[in-house]
Amino acid sequence: MTAPDPLPLAAALAPRQLYHACEPEQFGFQTTAELEGLTELIGQRRAMDAVRFGAGIGHEGYNIYVLGPSGMGKRSMVAQFLAKKTGAEHERADWCYLNNFSQAHKPQALRLPSGRGGELRQQMNQLVDYLRTAIPALFESEDYRAKAAVIQDEFSKRQEIAFKELGDDAGRQQIVLLRTPNGFAFAPTRNQEVIPPDEYAKLPDDEKQKIASTIAGLQERLEKILSHIPQWWKERSERVKQLNRETTLSVVQHMMDEVRARFADLPAILKYLGIVQQDMVEHADDFLKPEESANISGLTLITRETFHRYQVNLLVSNGKQAGAPVICEDNPTYSNLIGRVEHIAQLGALVTDFTLIKPGALHRANGGYLLLDVRKVLLQPFAWDGLKRALQARQIRIESLGQMYSLVNTVSLEPEPIPLDVKIILFGDRLVYYLLQQYDPEFAELFKVAADFEDRIERTADTHLLYARLMTTLCAKENLLPLDRSAVARVIEHSARLVGDAHRLSMHMRSVADLLQEADYWARQAGLALVTASHVQQAIDAKIHRQDRVREQLREAILRGTLLIDTQGAVVGQINALSVLELGDFAFAQPTRITATSRLGEGEMVNIEREVKLSGAIHSKGVLILSSFLAARYARNQPLALSASLVFEQSYGQVEGDSASLAELCVLLSNLANVPVLQALAVTGSVNQLGQVQAIGGVNEKIEGFFDICAARGLSSEQGVLIPAANVKHLMLRRDVVVAAQAGQFHIYAVDSVDQAIALLTGVPAGDADVSGGYPQDSINHRVAARLAELSKIRKSFLRQPDQTPPAKQEAE
């Protein structure tokens, strides 16, 4: 067997690999004003197919969750699709609440065709207004007065006849019937004159007894007549009521027939009108009550009969609009979703009736689509549970939270539930979607369709043109100046930078729209009618300038020597790593010094950040991988008698991620091999147990962060950055970095393995193992293996001495 060929030393990347430009000449137009706008977002076929499926399927539980970061244009795209789709769907419906005349606390729900609810409410209001004047006028008419007088005369004559007959019989027996303030009385007479008491006392006893007997008989007849009078009054009252009913019915039925004719095709309304007619006839006196006034605390209150029970509470009115409703609720509280029953204060008490029932978003969207932000729903108390309860029951039941949880004892209503037929479309982040899938068992049953919007699309000549048309659409929507093709090319390049990939374009529409608006501002400030590439670049630079205060302070701290970063010379066990800081939507990078020490030990790798709880889980994992790499490469047949420490110097915050693991491994190898690392180079990259370098994020920001420090101190043609070869396709560096690389003043190296990286960093070959596992003399790997073998030998020598323990904490030189 022969030894493998040594790995070639990585060469600096060519300038064309650092930035993938979009050439304006590829476009066949001069400005975006010549292009036709897009009708939908590009690159979202998967998501829109899901939306189309979810909106079309009618089975239960197929509500839609639209995944993706905010600013993607998800809501506007879905709303645009629904606007086209709903126009051909079934007609909307009106929903009303009506008084329940048998159980007033349980109002009845009524579904009507679109526009008929408002018509019913108008007709009922007109009917009541008419009857409030027509009925009193009818009761004041001569005809009614005559009929009432006949009843009264009949009663009076009946009473008079009874008393006259009694009086005549008494007269024939020499007794007179007298009417007194205290009632009726009988008195004896002589020659048609009442016998005075003194003369009556002189009468013989037998005559007195005869008179008394006669009066007793007449008194009994009088009592019978008087006992019949209440019955006669009752009969009179019933006849007057019947007259009132007939009188009221004559006008009510006439007007009601006109209303019935308008709703002859709706049996439910005809039934309701029949009940209303009966109640109006039974309560005709309510229409005759005058206004009443009351003085309360010096305030004169005028009260009148409002006839609320005849009103129509038009809960949802769609007028004559066609198609299914599309409702967007921006404040999805429980009441705004489900509806509520309001109360009003009257004389110190809270009262309510069916006219105070208010609709929620589910009522307005019933029969159509309801668009909600899932985060807002989850943040509102009881809103998420209320929404799920309505979807599961397929009905909207209006309940106050106080009543539901027995928090208040106020008398409220129990409105009849309304059947629910709605498609819910939630908008939210992917994390919230997966959390709900994991922890809410009802979520998967209710939201079976996931529409996952793409964050990025492939960058090709075709997508370049589509992106230009997208800019045309955004300019038309926001009333912006058109862009020339150089500006279009610069926006496309910036879009690739936003997504961190030279071969992809960002689909974050808000970022693109913001850039176009800001470029439009600068063009208008210059008095131009066309946006050029310089205006786009000015907008990019101005936005960075507004946000880079912290970056400038950190850069100043490095340049003044407060934060120790070397960009020249060579030091053993010291390396420049690169870390990214994110402040809102602004990300930047700065170099960070990592140092390593090693000594005799038992194979432990001390991550100082982890010891003080400043290391995240992924960073700690990366450090543990280093220990595995050392043991697998250098200590297969011997103990790893090493104790090493790694630390991010002058780092006072949390350290997370594994993008510094390549730098940590290289600085550790430098310490073990006692070979200095060139400080003119910085390193970023992740490494696995086999020593292979893996891709990391924020590669553009990291290169630019180290370049800015080097440029401020003066470029020496030796400075550069080592990056994973897998990250080359992500490079979209700033123009000044590319220019420096083209002039040979700054270099970017792409490495595939730790051996390539350590060779570049030290200028010493890493060395490849031969067939026996040995490494070339004076190579990095040979020096590391020799040092570890030395530490192992020292450890064994201590173990052979029975009364001594190995000095694990002694510094190994």
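Above this text you will find the structure in question.
Thresholds applied
- Residues numbered from 1 in each chain as written.
- Predicted model: local features only at pLDDT ≥ 70, side-chain atom pairs only at ≥ 80, totals over all residues.
- Heavy atoms only, no water.
- Helix = DSSP H or I, 4+ residues; strand = E, 2+ residues; numbered from the N terminus.
- Rg over C-alpha atoms; globule rule 2.2 N^0.38 Å.
- Contact = heavy atoms within 4.5 Å.
- Areas by Shrake-Rupley, 256 points an atom, 1.4 Å probe, with all protein chains shown as cover.
- Patch = residues over 30% accessible without salt bridge, like charges linked within 9 Å, V, L, I, M, F, W, Y side chains within 5 Å.
- Salt bridge = Lys/Arg side-chain N within 4 Å of Asp/Glu carboxyl O.
- Expected span 1.5 Å × (residues − 1).
- Bend = angle between axes of the 7 residues up to and from the residue.
- Buried < 20%, exposed > 50% of the residue type's maximum accessible area, 1.4 Å probe, protein only.
- Axes fitted to C-alpha atoms, helices over the stretch in contact; angles between N-to-C directions.
- Parallel < 35°, antiparallel > 145°, perpendicular 65-115°, else oblique.
- Nonpolar A, V, L, I, M, F, W, Y, C, P; charged D, E, K, R; others polar.
- Pairing = 2+ DSSP bridges.
- Core = buried A, V, L, I, M, F, W, Y, C linked by side-chain atoms within 4.5 Å.
- Phe/Tyr/Trp six-rings, centres within 6.5 Å; stacked < 30°, edge-to-face > 60°.

Colleague: Could you give an account of the overall build of the protein chain, with specific residues and numbers?
Modeller: Helices and strands together make up the secondary structure of the protein chain, namely 26 helices and 32 strands. Here the protein chain has a C-alpha radius of gyration of 48 Å; the compact-globule value for 813 residues is 28 Å, and the former is much larger. Across its three principal axes, the protein chain shows a C-alpha extent of roughly 170 × 80 × 55 Å. The long-range share in the protein chain, meaning contacts at least 24 apart out of those at least 6 apart in sequence, stands at 77%. Taken as a whole, the protein chain presents about 41000 Å² of accessible surface, with 51% of it coming from carbon and sulfur.

Colleague: So, a nonpolar patch on the surface: which residues are in play, and what are the values?
Modeller: Residues Leu431, Leu435 and Tyr439 make up a contiguous nonpolar surface patch of roughly 370 Å² in combined accessible area. Relative to the helices and strands, leucine 431 resides in helix 13 (residues 430-439).

Colleague: Describe helix 3 (residues 116-139), naming the residues involved and giving the relevant values.
Modeller: Under the 1.5 Å per step criterion, the end-to-end length of helix 3 is 34 Å for 24 residues, consistent within 8% with the ideal 34 Å. Largest kink in helix 3: about 30°, centred on leucine 131. When we look at burial in helix 3, the residues that qualify are Arg116, Gly117, Leu120, Gln123, Met124, Leu127, Val128, Leu131, Ala134, Ile135 and Phe139. Elements in contact with the buried residues of helix 3: strand 2 (93-98), strand 3 (108-113), helix 4 (142-172), helix 6 (205-262), helix 7 (267-282) and strand 9 (313-316).

Colleague: Explain the environment of glycine 773 to me, using residue names and the numbers behind them.
Modeller: Inspection of the secondary structure assignment puts glycine 773 in the loop between helix 25 (754-762) and helix 26 (780-799). Residue class for glycine 773 comes out partly exposed when judged on its relative accessible area of 42%.

Colleague: Describe the packing of helix 15 (residues 461-478) against helix 16 (residues 485-499), listing the residues and the values that go with them.
Modeller: Look at helix 15 against helix 16: their axes get within 10 Å of each other, and the N-to-C directions meet at 105°. Classified by the angle their axes make, helix 15 and helix 16 are roughly perpendicular. In this structure, helix 15 uses His464, Tyr467, Ala468 and Met471 to contact helix 16, whose residues at the interface are Val488, Val491, Ile492 and Ser495. For the contact of helix 15 with helix 16, the residue count by class is six nonpolar, two polar and no charged.

Colleague: Give me the pairing of strand 18 (residues 423-428): which residues, what numbers.
Modeller: Most of strand 18 is tucked away: six of the six residues are buried. Neither face of strand 18 is open: one carries Lys423, Ile425 and Phe427, the other Ile424, Leu426 and Gly428, and all of them are buried. Pairing geometry for strand 15 (residues 369-373) and strand 18, over five bridges, is parallel. By the bridge assignment, aspartate 373 is partnered in strand 18 with phenylalanine 427.

Colleague: I'd love a proper account of the nonpolar core, names of residues and values included.
Modeller: In this structure, Ile425, Tyr467, Leu483 and Leu516 are the most contacted members of the largest nonpolar core, which totals 58 residues. Per element, the largest residue contribution to this core is seven residues, and it comes from helix 17 (residues 509-525). Leucine 483 has contacts with Gln30, Thr31, Thr32, Met471, Cys475, Val488, Val491, Leu516, Leu530 and Val531, leaving out every residue within four places of it along the chain. Formed by 49 residues, the second largest nonpolar core is a distinct cluster that contains Ala635, Val655, Val675 and Val683.

Colleague: Before we move on, can you summarise the packing of aromatic side chains with the specific residues and values?
Modeller: The geometry of an aromatic ring pair is captured by two quantities: the separation of the ring centres and the angle between the planes. The full count for this structure, using the stated rule, is 16 aromatic pairs. Judged by centre distance (5.3 Å) and plane angle (75°), the ring pair of tyrosine 433 and tyrosine 434 falls under edge-to-face. Look at tyrosine 433 and you get buried, because its relative accessible area is 10%. Tyrosine 434 sits in the partly exposed class, given a relative accessible area of 47%. Members of the aromatic cluster, connected to one another through ring pairs, are Tyr65, Trp384, Tyr433, Tyr434, Phe443 and Phe447.

Colleague: Report on the packing of helix 17 against helix 18 (residues 533-547), specifying residues and quantitative values.
Modeller: For the pair helix 17 and helix 18, interaxial distance at closest approach is 8 Å and the crossing angle is 110°. It follows from the interaxial angle that helix 17 and helix 18 lie roughly perpendicular. Contacts between helix 17 and helix 18 pair Leu515, Glu518, Ala519, Trp522 and Ala523 from the former with His535, Val536, Gln538, Ala539, Ile540, Ala542, Lys543 and Arg546 from the latter.

Colleague: Which residues make up the pattern of salt bridges, and what values go with them?
Modeller: On inspection of all chains with the given rule, the structure shows 31 salt bridges. For arginine 46, the salt bridge goes to glutamate 454, with nearest N and O atoms at 3.3 Å. Taken together, the residues arginine 46 in helix 1 (residues 45-56) and glutamate 454 in the loop between strand 19 (449-452) and strand 20 (456-458) connect sequence positions 408 residues apart. Residue class for arginine 46 comes out exposed when judged on its relative accessible area of 58%. A salt bridge links arginine 560 to glutamate 556, with the nearest nitrogen and oxygen atoms 3.5 Å apart. Via salt bridges that share partners, Arg497, Glu552, Arg555, Glu701, Glu704, Asp708, Arg734 and Asp736 belong to a single interconnected network.

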